[in-house]
Amino acid sequence: MSGQLAVRDLHKRFGGVQALGGVDLLVAPGEAVAVIGPNGAGKSTLLKTIAGGHRPDRGEVWLGPDRLDRLPPHRITRSGVALAHQVPRPFPQLTVRDNVRVAAMARGHGATVEQVLTLCELDTKADRPAASLAVLDLKRLEVARALATDPTVLMLDEVAAGLAGRELDEAIALIRRIHATGRSLLLVEHIERVVREIVGRVLVLDWGKPIAEGTPDEIARDNRVREVYLGDGSATTSSRRPAPPPASEPLLAVHGLTAGYGDLVALRDVSLDVRPGEIVAVLGANGAGKSTLCGSIMGAVRVRGGSVRVGGTEITTAPPYRRAGLGMAYCPEGRRVFAELTVRENLQLGAPLRLAPQQLRERLAEVYDIFPVLAERGAQLAGTLSGGQQQMLAVGRALMSRPRLLICDEISLGLAPVAVDTLYRALTQINDRGVAILLVEQNVHRCLALADRACVLSRGRLSYAGPAADLLHDDRLDEAYFGTSDDHETTT
Amino acid sequence: MTGRKDATTAGAALLVAAVVGLAVAPGLEPGVQDLGTTLLVYLTVAQAWNILAGFAGQVSLGAAAFVATGAYTAGLALAHTSIGWAAAVALAGAIAGLIAAMLAVPLLRLRGDYFTIGTLAASIAVQALLTNWNWAGGASGLTLPIDRIPAGTTLLRLAVVVAAAAMGLTAYVRYSAFGLRLGALRDNEPAAAGLGVAVYGHRFATWVGSSVLTGMAGAVVAYQYVAVSPSGVASVNWSLDAVLMALVGGAGSLIGPVLGTTIVYYGLTRMLEDFQVLSLLVEGTLLVLIVRFAPAGVLALLTRAARPLRRAATLPAAGTEPA
C-alpha cells in the first residue's frame, strides 16, 4: 500500500460557477490531510473530481505512477482511491454485508469483508437490509464500503457532520483506526475537533482556490483563514431581547401529541406551545423525533393522538395546504429549494397565489433586505447556489407568506460557521419583526443563545421544557444527546 | 459465503425439473404438450425480463422486439436455408443478441423511465419495420415449412431446454458476484460505480443476455404457431405479459416468475381468451394492485405468511424514522 496522491492544477467549472480554480495537492503515503473552507469553496467538488464523479476541465490526478483523471469512476476505485460521500448512498435492498461485499470485489479481496464490518461496528447488523439502518449506521456503512475497496487513499467527505458527543468520539476513533492501517486519508470536515485530532496538514480552499496550507495550529492562527472561514469571530455573541409578554394566547399549542411510522412510535405525548413573537428551540439527538414533530405540525405526518392548535383553531387532521393559510410557514430540513427554478421564482412560489404585483414586490424587497445575496442572485438557478445560500433561499421562501410563525428544521446542518452566523443574524431580524420562530436544531449552543425557551426531545418524549438559558447548565441536555442517544437498537 | 448452499440446491432442483420435463414429455396428451410449451415460452420471456428489471433495475418494455427477432430469424432461416431447427434456435438467439448490442448504443445511454420509453419505442420500430419488409411477407408475415419444424414432444422438449437456460441464467444472477453487483447498480448506480462496479459492462451484458433468451423463446413461438406475423410476434402484449408475470410472482427472485406465469396464464390469459379488451382491462388493474399493495409479488406474500416468526426477527429496528 503505497503511492503518493498528486493533484495538479485541477479546474472544474459548473455553468457560471468556477468550483475548482487550480488546486494543487500532494498526499504522501500514509499521510492524513484535511481540506477545509467555507460552504461553496469546492471541497466536495475536489473529492468528487478526484474520485471520477466529475471530469476535470483541466489538470491532472496521479496516484503513484498511475494517471487517474481520464479514467471512469470504477477504474479509479480499482486503482486505489475511494470516497465516502457526505450523504450516504447505500444499496437499500441489499444487506449490510452485501453492500460491503460489492465494494470488496473492486480489488478482489473478499476475505476482508468481515474485518471491515467489525472495524466499522456493523458486524451485528450485517444481515439486515441497509434500508433499515439509522443515520449513524448509514454513515458507518458508507465508510465501510469505501474501506472495503482496499484503497490506498481514502477520502471522507464530512463523515462526522451531524454527530455529537459519544457519536462524534466513535467516528473519530473509527477514522483513527483506519488511518492506523497505513492508508492515506483526505478529509473534508467542518468539525474542528476532527481536523485537529486526526490530520497533520490542512489545505484551506476558498472559491475553488487554495488560500493556505499548514499544520492545524498554523491554520488556526492564520488571519486570512479566520476571516473567510469563521467570519469576523464576534458573530456568535447574541443580542438577547427582553422576553415577550407571557400573558398572550399561544400561537401554536401542541398537546399530548403522539405520532409514528408503521410499527415505530416516533413521538409520545409531547406538549409545547409558542407564543406570539417568541423563539422556542426544540433540541434532541438524531432520531429523537424532532422532524416528526415538525411534520405533525405541518400535516406531513399523520397524528395518532393529541392535538395541534394554531391561533385557537384545531388543525390536528387538517390537510397541509390549509395549515399554510393560518400564518405558519415551514422551512424543511435539507432546504428543498426548487433547483431548476431561479431564486426569484422560488421566492414567488412561497407567496400566496393571488397577490397584486405591487405586494409581491414589497414582499420580495423584505426578503432581499434580510438576505441581500438573494437579490444579487435573483436570476440564477437555485440549484447553482451554495449550500448556505440555498438555506437562505429556503428561509426567504418561507417568509414570502408573511407568517406569524416560522418553523425551521435543522437550518444549520452541514453549513460552515460563517453561513450559520448569517442565518442566525437573519433569524434575529425576522424575530424583531414580530415573527415567532420554532427552531428545531442540533446546533445546541447557537440555538440556545437565540431562543427564549427550549424543549428537549429524547427518544420521542419531552425531557425538558423551560427557559433556554437554564438548559445550558442542565444535565438533561447531556442526557438527551449523549446519555442514550446512540442506542438505536430499541425495537418497539 | 452465504448462499453457496442455496445456489447448489437451486441448481440441483433446476436440473431435476429439466430432466423430469424432458422425460415426461412423450407421455403427455397433445393438448397438454401444447399448454406446456406455451407456459414455458412465457416463463422464458418473463424470466428474461426479470433478469433485466428485477435484478438489474433496467425496466424494459421491449421484450416484443426480441420475440419477433427470434421468431423471424428462425422462420426465415428455415424457409431460405437448409439449416436444422435446432441451429435456427441458436441463430435466433444470436441475432437477437446482435440487435440488442446495436440497440445498446442509444438505449443504454438512457436511465430509469427514459430507458423504459426507449425500449418501448424500439419494439414499436421493430414491429413497423417487419410490417413494411415485403421480402419477409410484410403485414401478413410468413409461414414456416411445416415439414422442417418440430412439434409435439420435440417442441415441448425444446421449450424445456430454453426455459431451463433462462432459469439457469437467472439462478446464476441470483447467486453470483455478478448478480450482487447488478443489485448494487439497481439500488444506486453512481455509488456502485464509485465502489468499482463497471456499470456499463454490467448493464450491457444483462441487456444482451436477456435479449438472447427472449430471442430463443421467439423461435419456439414461431415453431408453435407455424406462421409468424408482425401483429402476433411483435405485439406489445409480449412485453406487457412479461412485466405482469414477473411482477405478480415477484421480480428480483428466482421462483417469482414461475409462480407469476402460472397465476397470470391460468387466472387471466386462458379465462379471458375470448374477451381481448376485458383481458387488457383486468391485466392493467391487476398490475396496479400488485404494484400498490404487493410490490414484491405473490412470492413475498407467501413467504411472509409462512414465516411469521422469522419475519418478526428481521423487522427493521427502531430509529429508522425519516430523520
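Residues numbered from 1 in each chain as written. Chains lettered and ligands numbered in written order. Predicted model: local features only at pLDDT ≥ 70, side-chain atom pairs only at ≥ 80, totals over all residues. Heavy atoms only, no water.

Asks: Let's hear about the overall build of chain B: which residues, and what values?
Replies: Each helix and strand in chain B was counted, giving 15 helices and two strands. The C-alpha atoms of chain B give 20 Å as radius of gyration, which agrees with the globular expectation for 323 residues (20 Å, within 12%). When the backbone C-alpha atoms are referred to their principal axes, chain B occupies close to 65 × 45 × 40 Å. Considering only contacts in chain B between residues 6 or more positions apart, those separated by 24 or more positions represent 81%. Surface exposure of chain B reaches about 14,400 Å², of which carbon and sulfur atoms provide 69%. With 16 positive and 12 negative side-chain charges, chain B shows a separation of 13 Å between the mean positions of the two kinds. (Helix = DSSP H or I, 4+ residues; strand = E, 2+ residues; numbered from the N terminus. Rg over C-alpha atoms; globule rule 2.2 N^0.38 Å. Contact = heavy atoms within 4.5 Å. Areas by Shrake-Rupley, 256 points an atom, 1.4 Å probe, with all protein chains shown as cover. Lys, Arg positive; Asp, Glu negative; His and termini not counted. Charge placed at Lys NZ, Arg CZ, Asp CG, Glu CD.)

Asks: Go over the overall build of chain A, please, and point to the residues and values.
Replies: Looking only at helices and strands, chain A features 19 helices and 20 strands. Buried residues in chain A amount to 56% of all 492 residues. Of all intrachain contacts in chain A linking residues separated by at least 6 positions in sequence, the fraction that spans at least 24 positions is 69%. When the accessible surface of chain A is summed, it comes to about 20,200 Å², and 51% of that surface belongs to carbon and sulfur atoms. (Buried < 20%, exposed > 50% of the residue type's maximum accessible area, 1.4 Å probe, protein only.)

Asks: Can you explain the packing of helix α7 (residues 177–187) of chain B against helix α9 (residues 199–225) of chain B? Please cite residues and give values.
Replies: Residue and element names in this part refer to chain B. The geometry of α7 relative to α9 is characterised by a closest axis approach of 10 Å and an angle of 110 degrees between their N-to-C directions. One finds that α7 runs roughly perpendicular with respect to α9. On α9, the residues that touch F178, R181, L182 and L185 of α7 are V199, H202, R203, A205 and T206. (Axes fitted to C-alpha atoms, helices over the stretch in contact; angles between N-to-C directions. Parallel < 35°, antiparallel > 145°, perpendicular 65-115°, else oblique.)

Asks: Provide a residue-level description of the side chain of R181 of chain B, including the pertinent values.
Replies: Positionally, R181 of chain B belongs in helix α7. We note that R181 of chain B is buried and unpaired, the nearest opposite charge coming from D98 of chain A at a distance of 12 Å. With residues near it in sequence (within four places) discarded, R181 of chain B still touches M105 of chain A together with V197 and H202 of chain B. (Salt bridge = Lys/Arg side-chain N within 4 Å of Asp/Glu carboxyl O.)

Asks: Tell me about the pairing of strand β14 (residues 303–310) of chain A, and name the residues and values.
Replies: All names here are of chain A. Two elements, strand β11 (residues 252–261) and β14, share six bridges in a ladder whose sense is antiparallel. Bridge assignment links L252 to a residue of β14, and that residue is V310. As paired strands, β14 and strand β15 (residues 313–314) are joined by two bridges and run antiparallel to one another. Each bridged residue has a counterpart across the sheet, and for R309 the counterpart in β15 is E314. (Pairing = 2+ DSSP bridges.)

Asks: Which residues make up the sheet that holds strand β3 (residues 32–36) of chain A, and what values go with them?
Replies: Residues and elements named next belong to chain A. One open sheet holds the six strands; their spatial order is β6-β7-β8-β3-β9-β10, and the pairing between them is mixed. Lying at the two open borders of the sheet, with one neighbouring strand each, are β6 (81–84) and β10 (209–214). Recorded for the sheet is a direction-independent mean angle of 20 degrees between the axes of neighbouring strands. Pairing of strand β9 (residues 201–206) with β10 involves five bridges; the strand directions are antiparallel. Considered in β10, the bridge of D206 is made with K209.

Asks: Can you lay out the pattern of salt bridges for me, pointing to particular residues and giving the numbers?
Replies: Following the criterion strictly, the structure yields 30 salt bridges over all chains and no others. A single network of salt bridges, built from pairs that share partners, joins E121, K125, D137, R140, E170 and R177 of chain A.

Asks: Got a sec to walk through the side chain of N346 of chain A? Specific residues and values, please.
Replies: All names here are of chain A. Here N346 is to be found in helix α12 (residues 343–350). A polar side-chain atom of N346 sits 3.5 Å from the main-chain carbonyl oxygen of L341. Excluding anything up to four places from it in sequence, N346 contacts V337, F338, L341, A382, L393 and R397. (Polar contact = N/O pair within 3.5 Å; in protein donor to acceptor, adjacent residues only side chain to side chain.)

Asks: Run through empty space enclosed by the protein, naming residues and quoting values.
Replies: Counted under the stated rule, the structure contains three cavities of 30 Å³ or more. Within this model, the largest cavity holds a volume of roughly 140 Å³. Looking at the largest cavity, it is lined by 15 residues, and the ones nearest its centre are L136, R140, E170, A171 and L174 of chain A. When contributions to the lining of the largest cavity are tallied by element, the ones reaching two or more residues are α5 (135–148) and α6 (165–180) of chain A. The element contributing the most residues to the lining of the largest cavity is α6 of chain A, with six residues. Classifying every residue of the lining of the largest cavity gives nine nonpolar, no polar and six charged. As for the second largest cavity, its lining consists of V45, A48, W49, L52, S60, G62, A63, F66, W207, S210, S211 and T214 of chain B. (1 Å grid on protein atoms, 1.4 Å probe; cavity = no way out; pocket = protein on both sides within 12 Å on 5 of 7 lines; lining within 4 Å. Points joined across faces, edges and corners; volume = space filled by probe spheres on them. Nonpolar A, V, L, I, M, F, W, Y, C, P; charged D, E, K, R; others polar.)

Asks: Quick one: what's the story with the domain arrangement of chain A, residue by residue and with numbers?
Replies: Considered domain by domain, chain A is made up of domain 1 (5–230) and domain 2 (252–483). Of note, the centres of domain 1 of chain A and domain 2 of chain A, computed from C-alpha atoms alone, are 31 Å apart. (Domains from an automatic or database assignment.)

Asks: So, the pairing of strand β18 (residues 436–441) of chain A: which residues are in play, and what are the values?
Replies: Residues and elements named next belong to chain A. Most of β18 sits inside the fold, with six of its six residues counted as buried. The alternating pattern of β18 places A436, L438 and V440 and I437, L439 and E441 on opposite faces, both of which are buried. Sheet topology places strand β13 (residues 279–283) next to β18; five bridges connect them, and they run parallel. Across the sheet, residue V280 finds its bridge partner in β18, namely L438. In this structure, strand β17 (residues 405–409) lies alongside β18, joined through five bridges in parallel fashion. For I407, the partnering residue across the bridge sits in β18 and is L438.

Asks: For helix α4 (residues 85–107) of chain B, give the residues involved together with the corresponding values.
Replies: Residue and element names in this part refer to chain B. The terminal C-alpha atoms of α4, which comprises 23 residues, lie 31 Å apart, in line with the 33 Å expected from a rise of 1.5 Å per residue. By the burial criterion, the buried members of α4 are A88, V89, A92, G93, A96, G97, A100, A104 and L107. In this structure, the buried residues of α4 make contact with α3 (63–80), α5 (113–131), α6 (152–175) and α9. (Expected span 1.5 Å × (residues − 1).)

Asks: Provide a residue-level description of the confidence of the model for chain A, including the pertinent values.
Replies: Residues and elements named next belong to chain A. Scored by pLDDT, chain A comes out at a mean of 84, with 88% of its residues at no less than 70. A low-confidence stretch, residues 230–239 (pLDDT under 50), is modelled with 12 contacts involving residues beyond four sequence positions or located in other chains. In this model residues 483–492 is a low-confidence stretch, pLDDT under 50, and it forms 28 contacts with partners more than four residues away in sequence or in other chains. (pLDDT = per-residue confidence, 0-100.)

Asks: Tell me about the sheet that holds strand β16 (residues 328–331) of chain A, residues and numbers included.
Replies: All names here are of chain A. Taking strand neighbours across the sheet as the criterion, the six strands line up as β16-β17-β18-β13-β19-β20 in an open arrangement whose pairing is mixed. Unpaired on one side and paired on the other, β16 and β20 (461–467) mark the two borders of the sheet. Neighbour to neighbour, the strand axes of the sheet diverge by 15 degrees on average, direction disregarded. Across four bridges, β13 lies against strand β19 (residues 453–458) in parallel orientation. Its bridge partner being in β19, L283 is matched across the sheet by V456. Its contacts with the sheet put helix α16 (residues 417–432) on β13, β17 and β18, and the angle it makes with β18 is roughly 155 degrees.

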